[in-house]
Amino acid sequence: MKINKLIYTLFILFSLQYYILARKYSHHYERNLEDELIDLISRNLNQISSDSTEFSQESHNDENKVELDDPVDVDLWNKLNDEDIKKMPQIDDYSSEKQAKSWLKWYLRVSKRYHQISVLLGWNHKTNLTEENRKAMSAQNLKSAPFSRQTLPIAKKFDEYMTHSSDEDLKRTYDRLARGTVSNNDENVKKSSKLHAQLEQIYSTAEVCELNDNTKCYTLSPYLERLMQIEKDYDRLLWAWKGWHNQCGNKIRPVYLPYIDLLDKNIKENGYKDEAQKWIEEYEMGNETEFESILDQSLQDVMPFYEQLHAFVRGRLCEIYPKRFDCNGPIPAHLLGNMWAQQWQNRLDDLMPYPGTPLVNITRILYKKKYTIEKMYKTAENFFTSINLYPMTPKFWARSMFTKPVDRDVVCHASAFDFRYHNDYRVKICTIMDDDYFYTIHHEMGHIEYYMSYANQRYDYQDGANSGFHEAIGDTIGMYAISPRHLVKIGFLDEESINAHYEMNFLMRMALQKVAFLPFAYVMDKYRFALFRNEINRDTELNAKWWALRIQYGGIMAPVPRSDPENFDAGAKFHIPSGTPYARYFIAHILQFQFYRAMCRLQGQTKRLHMCDIYGNKHVGERFKEMLAMGSSKPWSEILESLTGENKLEPQAMVDFFEPLYKWLKMENLARGYPVGWK
């Protein structure tokens, strides 16, 4: 507990330093930040020990409520699977629906156990990055590999016949099963598992040291992330940006390339052209050309608005940092309040349309109301239950990782886990009490709600309609959680504070988070697709191509010259080394506005959608739950239509939401003489 207290003290002191530095630039939050943080330090150093103990004790009490012997037993599960695998049903007619159903029942029973083991071992490793936990994952991959090798060819044979079946469920099931991949080389399985663990280890433990003191070094979370959010000094931001991209990205490069080579070898052995084809297939949005055309068109539909937003942001930053960069060109990536320049809302204080009408400071309200981290989660849970969704389970409270441990290395990137076993759902979040994490908590618990909603589906349908759906669900809830109307309902904002200027400022805050994100999300997989297709020369273009795409589609550039033989700036973003597809986030940012608009319409609101809040509306919640409960049992377009009446991506929903701001930006950029576009 003394270590916890010391670390918390240091973090608060660092925060104080940067808040005070930022104060002279800040207008959108209430004043007296020094007094506030001094009081915050005093109050929380007195309470941190008791608060942490209370939350820990609460989790311990929740653990006592669950059966202590009910977690997945790896050895037992593997033994049961060994026995079941020997009992695979006989197949003598692949056109027989009866045999197809019998084999499927057997397959799902074994597959589910392997999934449960995999999730458990993955959880163990991500929450405790040890060699022992890495080896356990690798050993399990080798253990389950023969089952995949045995069953995938059978699933493919059944699929050849079931594609003509009148049983739509059977047809869909085998179509999905036939998409699987296997590795026939145990050595490659070992190498791939080891390289993937190395990539996660590098990302999670990389540190940036002070230029004049290499004993003072900082990890990404929480220090560097927080610095990028609140620091305003051009050179200090550059130190953090360059340090992280060098210390993380450069080290990722020599591990990542052999890792994707193994993936490429394996994917081709499974009949695919490349990894891009496999990723795209999972979305069920047509072939590669069709899928990429949908994303291209979606970005083009939003781009006129993005260009106006970019012009305004660049113009304001040029005034704050005169002669630092070309005011007609791309924006340097380190100036946008985020390590990757993917979302820009942390620079809102410099970009508000009406600085005299400040937005509520959620971080300050959390401290003022004496929130704890536990209460942040309970507040999110209250939102879900108010619309008749599910409360979190005892195991969620007992087994989640809510804060960053001080005694071990972990993967801090926020994520949710579905063990698909006895209501075991968890989140892994290195929570800090601020507005970003207030949003993140709602988002990740939105995933949990999705898991619980489709838990009654058959095992293979216990998944999102497509991967974009899962992210969109969490983000839709997150949007409601910070809407002005909702903040009034939970006592974070006075009704009298809301006027036309406040609403415009709120729209700007949301645009900086949501619209600014789209080109970044688009480039993440456009870059990797090109890499997977061998369209990038690794020696001369690996880093240059990344920045060429960032400039082309988003008008964002590296703040300093980068060297291609050495740098790998894409690798400094978590989803690259983790191998997580990113088009899902692009799709989610379109879908969430469709979900949001549909639920607002269900309660009769068709205008000023940014002022909509569904909190407490059980009718809307039930309609939402009905969609969630479908899991992946039907094509995503049908599932989307069940809530929205639409069966495709509709970027116009986003444009409609921001229409008042779009009009304001066009007039303001014209009045200020800010050029639109970039060279």
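Residues numbered from 1 in each chain as written. Predicted model: local features only at pLDDT ≥ 70, side-chain atom pairs only at ≥ 80, totals over all residues. Heavy atoms only, no water.

**A word on the UniProt feature "binding site: chloride" (unreviewed entry) in the protein chain**
Moving on, step 1. In the numbering used here, UniProt assigns the "binding site: chloride" (unreviewed entry) feature to Tyr 283 and Arg 584. The annotated residues occupy 302 residues of the chain but converge on a single region, no pair of C-alpha atoms lying more than 8.3 Å apart.
Moving on, step 2. Tyr 283 has contacts with Phe 291, Asn 466, Ser 467, Pro 581, Ala 583, Arg 584, Ile 587 and Trp 636, leaving out every residue within four places of it along the chain.
Moving on, step 3. Looking at where Arg 584 falls in the secondary structure, it is placed in helix H22 (residues 583–602).
Moving on, step 4. If sequence neighbours within four positions are ignored, Arg 584 has contacts with Tyr 283, Ser 467, Gly 468 and Glu 471. (UniProt positions renumbered as here; feature names shortened; annotations may be inferred. Contact = heavy atoms within 4.5 Å. Helix = DSSP H or I, 4+ residues; strand = E, 2+ residues; numbered from the N terminus.)

**Here we look at the packing of aromatic side chains**
Moving on, step 1. Counting across every chain of the model gives 57 aromatic pairs.
Moving on, step 2. Note on Tyr 522 and Phe 586: the rings are 6.0 Å apart at their centroids and 55° apart in plane angle, and the pair reads as tilted. Here Phe 586 lies in helix H22 and Tyr 522 lies in helix H20 (residues 517–532), a separation of 64 residues in the sequence. The two residues Tyr 522 and Phe 586 agree in class, both being buried.
Moving on, step 3. Between Trp 546 and Trp 547 the ring centres are 6.5 Å apart and the planes differ by 75°, which places this aromatic pair in the edge-to-face class. By the burial criterion, Trp 546 is buried, and Trp 547 matches it.
Moving on, step 4. Through a chain of ring-to-ring contacts, three or more aromatic side chains come together here, namely Phe 305, Phe 383, Phe 384, Tyr 480, Phe 593, Tyr 596, Tyr 615, Phe 657, Phe 658 and Tyr 662.
Moving on, step 5. Taking NZ or CZ as reference, Arg 324 lies 4.2 Å from the ring centre of Tyr 234, over its face. (Phe/Tyr/Trp six-rings, centres within 6.5 Å; stacked < 30°, edge-to-face > 60°. Buried < 20%, exposed > 50% of the residue type's maximum accessible area, 1.4 Å probe, protein only. Lys NZ or Arg CZ within 6 Å of the ring centre and 35° of its normal.)

**Quick word on the packing of helix H5 (residues 131–162) against helix H6 (residues 168–177)**
Moving on, step 1. At a minimum axis distance of 8 Å, the contact between H5 and H6 shows a crossing angle of 140°. With respect to H6, the element H5 is oriented oblique. For the element pair H5 and H6, the recorded crossing hand is left-handed. Facing H5, whose interface residues are Leu 152, Ala 155, Phe 158, Asp 159 and Met 162, H6 presents Leu 170, Lys 171, Tyr 174, Asp 175 and Leu 177.
Moving on, step 2. In terms of residue class, the contact of H5 with H6 is made up of 7 nonpolar, no polar and 3 charged. (Axes fitted to C-alpha atoms, helices over the stretch in contact; angles between N-to-C directions. Parallel < 35°, antiparallel > 145°, perpendicular 65-115°, else oblique. Left-handed = near helix turned anticlockwise from the far one by under 90°. Nonpolar A, V, L, I, M, F, W, Y, C, P; charged D, E, K, R; others polar.)

**Description of the UniProt feature "binding site: Zn(2+) 2" (unreviewed entry) in the protein chain**
Moving on, step 1. According to UniProt, the positions carrying the feature "binding site: Zn(2+) 2" (unreviewed entry) are His 443, His 447 and Glu 471. Their sequence span is 29 residues, while the largest C-alpha to C-alpha distance among them is just 8.0 Å; these annotated residues converge on one region.
Moving on, step 2. By secondary structure assignment, the location of His 447 is in helix H16 (residues 435–453).
Moving on, step 3. Note on His 447: relative accessible area 5%, which makes it buried.
Moving on, step 4. Residues within four places of His 447 in sequence aside, it is in contact with Ala 416, His 470 and Glu 471.
Moving on, step 5. Locating Glu 471 in the fold gives a position in helix H17 (residues 467–481).
Moving on, step 6. Here Glu 471 falls in the buried class, since its relative accessible area comes to 10%.

**So, the packing of H22 against helix H23 (residues 618–629)**
Moving on, step 1. H23 packs onto H22 with a crossing angle of 140° between their chain directions and a minimal axis gap of 9 Å. Judged by the angle between their axes, H22 and H23 are oblique. Where H22 crosses over H23, the two elements pack in a sense that is right-handed. For the pair formed by H22 and H23, the contact residues are Phe 595, Met 599 and Leu 602 on the first element and His 619, Val 620, Arg 623, Phe 624 and Met 627 on the second.
Moving on, step 2. Across the contact of H22 with H23, the residue classes tally to 6 nonpolar, 1 polar and 1 charged.

**So, the state of the cysteines**
Moving on, step 1. In this structure the tally under the stated criterion is 4 disulfides.
Moving on, step 2. Between the sulfur atoms of Cys 318 and its disulfide mate Cys 327 the distance is 2.2 Å. Between Cys 318 and Cys 327, the disulfide has an S-S torsion of -125° and is therefore left-handed.
Moving on, step 3. Here Cys 600 pairs with Cys 612 through a disulfide, and the sulfurs are 2.2 Å apart. One disulfide, between Cys 600 and Cys 612, carries an S-S torsion of -115° and so falls in the left-handed class. Note that Cys 600 is positioned in helix H22 and Cys 612 in the loop between H22 and H23, a separation of 12 residues in sequence. Per residue, the accessibility class of Cys 600 equals that of Cys 612, and both read buried.
Moving on, step 4. The connectivity of the disulfides in the protein chain is 1-2, 3-4, 5-6, 7-8, where the numbers refer to bonded cysteines in sequence order. (Disulfide = S-S within 2.5 Å.)

**Side note on the environment of Ser 192**
Moving on, step 1. Tracing the chain through its elements places Ser 192 in helix H7 (residues 186–205).
Moving on, step 2. Between the C-alpha atom of Ser 192 and that of Leu 262, which follows or precedes it by 70 residues, the distance is 6.6 Å.
Moving on, step 3. Excluding its chain neighbours within four sequence positions, the residues that come into contact with Ser 192 are Tyr 259, Leu 262 and Leu 263.

**Comments concerning the side chain of Asp 434**
Moving on, step 1. Tracing the sequence through the fold places Asp 434 in the loop between strand S5 (425–428) and H16.
Moving on, step 2. Given a relative accessible area of 3%, Asp 434 falls into the buried group.
Moving on, step 3. Engagement of the side chain of Asp 434 in a polar contact is seen with the backbone nitrogen of Asp 436, the distance being 3.2 Å. (Polar contact = N/O pair within 3.5 Å; in protein donor to acceptor, adjacent residues only side chain to side chain.)

**Thoughts on the pairing of strand S4 (residues 415–418)**
Moving on, step 1. Neither face of S4 is left uncovered, since the one carrying Ser 415 and Phe 417 and the one carrying Ala 416 and Asp 418 both have all their residues buried.
Moving on, step 2. Note that S4 and S5 share 4 bridges and pair antiparallel. Bridge pairing in S5 links Ala 416 to Val 427.
Moving on, step 3. Connecting S4 to the antiparallel partner S5 that follows it, the hairpin turn spans 6 residues, and Arg 420 within it adopts a positive phi of roughly 50°. (Pairing = 2+ DSSP bridges.)

**Details of the side chain of Gln 594**
Moving on, step 1. Locating Gln 594 in the fold gives a position in helix H22.
Moving on, step 2. Its relative accessible area of 1% is what places Gln 594 among the buried residues.
Moving on, step 3. Separated by 2.8 Å, the side chains of Gln 594 and Glu 646 make a polar contact.
Moving on, step 4. Of the polar contacts made by the side chain of Gln 594, one reaches the backbone nitrogen of Glu 650; its length is 2.9 Å.

**Some words on helix H14 (residues 373–386)**
Moving on, step 1. In a regular helix each residue adds 1.5 Å, so 14 residues correspond to 20 Å; H14 covers 20 Å between its end C-alpha atoms and thus fits that length.
Moving on, step 2. A large share of H14 lies buried, amounting to 10 of its 14 residues.
Moving on, step 3. Where H14 is concerned, the buried positions are Ile 373, Glu 374, Met 376, Tyr 377, Thr 379, Ala 380, Glu 381, Phe 383, Phe 384 and Ser 386.
Moving on, step 4. Where H14 ends, the next residue or the one after it, Asn 388, has phi of about 70°, a positive value. (Expected span 1.5 Å × (residues − 1).)

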